[in-house]
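A closer look at the structure
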Amino acid sequence: MYHIIFFLLQLLIFSSHAAVQDFCVGDLTGPEGPAGYSCKKPATVTVDDFVFSGLGMPGNTTNIIKAAVTPAFSAQFPGVNGLGISIARLDLAAGGVVPLHTHPGGSEVLVVVQGYILAGFISSANSVYYKILKKGDVMIFPQGLLHFQINAGGIPAVAFVSFSSPSPGLQITAFALFANNLPSVLVEKTTFLDDAQVKKLKAVLGGTG
Ligand SMILES: *[C@@H]1O[C@H](CO)[C@@H](O)[C@H](O)[C@H]1NC(C)=O
């Protein structure tokens, strides 16, 4: 009898220390490591940590690409920290484009909610998969692969994109190549482009060297 009571008591004590960690709302005051942010103390977490209200408004598309990406990644939406998911809004004005880019940290699923978007990606085998998407269409972009989105109608297009990472990252290839200070001669050597083309793109995109 005493054995059983003792056992149940042990179980009770053990269970109270074995609660699953339901969430890890990111503490944005600390640094972000490979595993994300450290967790806010659960007592300070509120419902607003799990709600992001920034995706209802169009992003500002008055820029060189006539496009805007509004991210709700862990840095903007700490509730997704540790959960392996995030979301963003994509606005493409008429003529807009999200140039070739990658998300090193996650795969992407895109759903068109307005207009027409020509979207595609290039595989590691250099196969190209692209299609004009309309409202309600969904397309996936596997992790790390180069991909793009182009407005394919004369009207603004809107899509929501979700990622398999709370912090998928975004690197736009043209900016990586031409918006930095890597000397032109090295850009030319590593891209097969000629000097005039490289200098022109550096001037347009803000690179030096
Ligand atoms: C959009 O961005 C442009 C260029 O930076 C800026 O001039 C304009 O004021 C912005 N518009 C809004 C509504 O913020």
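Residues numbered from 1 in each chain as written. Predicted model: local features only at pLDDT ≥ 70, side-chain atom pairs only at ≥ 80, totals over all residues. Heavy atoms only, no water.

**Examining the packing of helix α3 (residues 184-191) against helix α4 (residues 195-205)**
α4 packs onto α3 with a crossing angle of 120 degrees between their chain directions and a minimal axis gap of 9 Å. Compared by their axis directions, α3 and α4 come out oblique. The crossing of α3 and α4 is right-handed. Along its contact with α3, which presents S184, V187 and E188, the element α4 presents D195, V198, K199 and K202. Across the contact of α3 with α4, the residue classes tally to two nonpolar, one polar and four charged. (Axes fitted to C-alpha atoms, helices over the stretch in contact; angles between N-to-C directions. Helix = DSSP H or I, 4+ residues; strand = E, 2+ residues; numbered from the N terminus. Parallel < 35°, antiparallel > 145°, perpendicular 65-115°, else oblique. Left-handed = near helix turned anticlockwise from the far one by under 90°. Contact = heavy atoms within 4.5 Å. Nonpolar A, V, L, I, M, F, W, Y, C, P; charged D, E, K, R; others polar.)

**Things to note about the packing of aromatic side chains**
Geometrically, a pair of aromatic rings is defined through the distance of the ring centres and the angle of the planes. Tallied over the entire structure, the rule returns five aromatic pairs. Note on F23 and F50: the rings are 5.1 Å apart at their centroids and 70 degrees apart in plane angle, and the pair reads as edge-to-face. One end of the pair, F23, is in the loop between α1 (2-16) and β1 (67-72); the other, F50, is in the loop between α1 and β1, and 27 residues separate them in sequence. Its relative accessible area of 30% is what places F23 among the partly exposed residues. What makes F50 partly exposed here is its relative accessible area of 37%. With 5.4 Å between their ring centres and 85 degrees between their planes, F73 and F163 make a pair best called edge-to-face. Remark: F163 occurs in strand β9 (residues 157-163) and F73 occurs in the loop between β1 and β2 (86-92); sequence separation between them is 90 residues. You can call F73 buried: its relative accessible area is 13%. Judged by its relative accessible area of 4%, F163 falls in the buried class. (Phe/Tyr/Trp six-rings, centres within 6.5 Å; stacked < 30°, edge-to-face > 60°. Buried < 20%, exposed > 50% of the residue type's maximum accessible area, 1.4 Å probe, protein only.)

**Quick word on the UniProt feature "binding site: oxalate" (unreviewed entry) in the protein chain**
The feature "binding site: oxalate" (unreviewed entry), as given by UniProt, occupies H103 and E108 in the numbering adopted here. The topology assignment puts H103 in the loop between β3 (97-102) and β4 (108-114). A residue is classified by how much of its surface remains accessible, and H103, at 6% relative accessible area, is buried. Those residues in contact with H103, other than ones at most four positions away along the chain, are E108, Q143, G144, H147, F163, P168, G169 and L170. (UniProt positions renumbered as here; feature names shortened; annotations may be inferred.)

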